[in-house]
Amino acid sequence: MIEATGVSWRYGATPVINGVDVTARPGRVLGLIGPNGSGKTTLLRLLYGALRSPTGRVGVDGDTLRTLAPREAARRIAVVVQESGGESALTVAETVLLGRGPHLSTFQRAGRADLAVAASCLDRVGATHLATRSFAGLSGGERQRVLIARALAQEATHLLLDEPTNHLDIRYQHEVLGLVRALGTCVIVVLHDLNLAARYCDDLVLLSGGTVVAAGTVTEVLEPDVLEPVYGIGMRRVDLDGNLHLLFEGVLTP
Ligand code: ADP
């Protein structure tokens, strides 16, 4: 469980996250949604400790995140972010093996069991055929799948992802989110696409201007009345075979 209370951040003099509370529960997928610039990435960075909030607290399974040693924090939280590892000279297999780092002691080499975990994680994202390729030479979508495999290999109890479906074609968007959902671990995912959020998340936090506008289950948050003023576009919610979908209508004039 990740529980943040009263976290905030400013870039220079500009506040971008203002006293936000977030609770991600065990076994559930929490989506962070909101328009561009609403603070989703900044909030995620506060939740995994890349940024340290000057106010409030981030708790991970009852412990304060900033008091955890880096190795312990990495056993609890695995992260998939956009920019990671782009210039690396490693092969794909080596990149995924890096995920085993928090489970090895200093100077301990990865063993047979670690190699097996890494290979199985690469297989789960459908990227076994890329194992010997250079990570730096991959396409955006291939990289994304490999970074997800690396995070899976970390076997952390929480998985945090920043727009993991960027660069992926529609089949892999669904495959990757389906896989993430099936993990059964606590997941926090920044998602752009509200219909993907509807399908793969349990709970949502809707941000606007660095504050939480709505938080709750998918059904509670994905209400046209809630979303329209935030996104500035008309919406209709329909139920197709028990699945919630949003249809987008005209741009709303203020
Ligand atoms: P989102 O992920 O919802 O698009 P971000 O968290 O990336 O939002 O950004 C929130 C606000 O902070 C935006 O106005 C953005 O321009 C600003 N911002 C993000 N990163 C930086 C930075 N490194 N320096 C200055 N401003 C930033």
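Conventions used here
- Residues numbered from 1 in each chain as written.
- Predicted model: local features only at pLDDT ≥ 70, side-chain atom pairs only at ≥ 80, totals over all residues.
- Heavy atoms only, no water.
- Helix = DSSP H or I, 4+ residues; strand = E, 2+ residues; numbered from the N terminus.
- Rg over C-alpha atoms; globule rule 2.2 N^0.38 Å.
- Buried < 20%, exposed > 50% of the residue type's maximum accessible area, 1.4 Å probe, protein only.
- Contact = heavy atoms within 4.5 Å.
- Pairing = 2+ DSSP bridges.
- Axes fitted to C-alpha atoms, helices over the stretch in contact; angles between N-to-C directions.
- Polar contact = N/O pair within 3.5 Å; in protein donor to acceptor, adjacent residues only side chain to side chain.
- Phe/Tyr/Trp six-rings, centres within 6.5 Å; stacked < 30°, edge-to-face > 60°.
- Lys NZ or Arg CZ within 6 Å of the ring centre and 35° of its normal.
- Near = heavy atom within 4 Å.
- Areas by Shrake-Rupley, 256 points an atom, 1.4 Å probe, with all protein chains shown as cover.

### Some remarks on the overall build of the protein chain
Counting its secondary structure elements, the protein chain contains 9 helices and 12 strands. For 254 residues, the compact-globule estimate of 2.2 N^0.38 gives 18 Å, and the protein chain sits close to it at 19 Å. Considering only C-alpha atoms, the protein chain reaches an extent of 60 × 40 × 30 Å along its principal axes. When each of the 254 residues of the protein chain is scored for burial, the buried share is 46%. Sequence separation of at least 24 residues holds for 61% of the intrachain contacts in the protein chain that already meet a minimum separation of 6.

### Thoughts on the sheet that holds strand E6 (residues 77–80)
The 6 strands lie next to each other as E6-E7-E8-E3-E9-E10, forming an open sheet whose pairing is mixed. Edge positions in the sheet fall to E6 and strand E10 (211–217), since each has one partner strand and no second. Neighbour-to-neighbour, the strand axes of the sheet open up by a mean angle of 15 degrees, direction not taken into account. In terms of strand pairing, E6 meets strand E7 (residues 158–162) through 4 bridges, oriented parallel.

### Observations regarding the side chain of Ser38
Of note, Ser38 is situated in the loop between strand E3 (29–33) and helix H1 (40–48). Using a relative accessible area of 3% as the deciding quantity, one classes Ser38 as buried. At a separation of 2.7 Å, a polar atom in the side chain of Ser38 contacts the main-chain carbonyl oxygen of Pro35. Residue contacts for Ser38: discarding those within four places in its chain leaves Val16, Leu207, Ser208, Gly209 and Gly210.

### Concerning the packing of aromatic side chains
For the structure on display, the rule yields 1 aromatic pair. Plain terms: the ring middles of Trp9 and Tyr11 are 6.2 Å apart, the flat faces sit at 80 degrees to each other, and that makes the pair edge-to-face. Its relative accessible area of 41% is what places Tyr11 among the partly exposed residues. The ring of Tyr172 has Arg145 lying over it, and the distance from NZ or CZ to the ring centre is 3.7 Å. Between Arg171 and the ring centre of Tyr172, over which it is positioned, the NZ or CZ distance is 5.1 Å.

### Quick word on the site of the ligand
Looking at the ligand, the residues that line it are Tyr11, Val16, Pro35, Asn36, Gly37, Ser38, Gly39, Lys40, Thr41 and Thr42. With respect to the ligand, the backbone of Ser38 contributes an N or O atom lying 3.1 Å from an oxygen atom. The fraction of the free accessible surface of the ligand (560 Å²) that becomes covered by protein chains is 53%. Here the shell around the ligand takes 3 residues from H1, the largest share from any one element.

### Topic: the pairing of E3
Across the 5 residues that make up E3, a large majority, 5, are buried. Covered by surrounding structure in E3 are Val29, Gly31 and Ile33 together with Leu30 and Leu32, the residues of both alternating faces. Pairing between E3 and strand E8 (residues 186–190): 4 bridges, direction parallel. When the sheet's bridge partners are listed, Leu32 is paired in E8 with Val190. The sheet contact formed by E3 and strand E9 (residues 203–208) spans 4 bridges and is parallel. What sits directly across from Ile33, in E9, is Leu206.

### Side note on unusual backbone geometry
For Glu163, which is not glycine, the phi dihedral falls at a positive 45 degrees. Tracing the chain through its elements places Glu163 in the loop between E7 and helix H6 (170–182). With relative accessibility at 13%, the residue Glu163 sits in the buried group.

On their own, these measurements won't tell you what the molecule is for.
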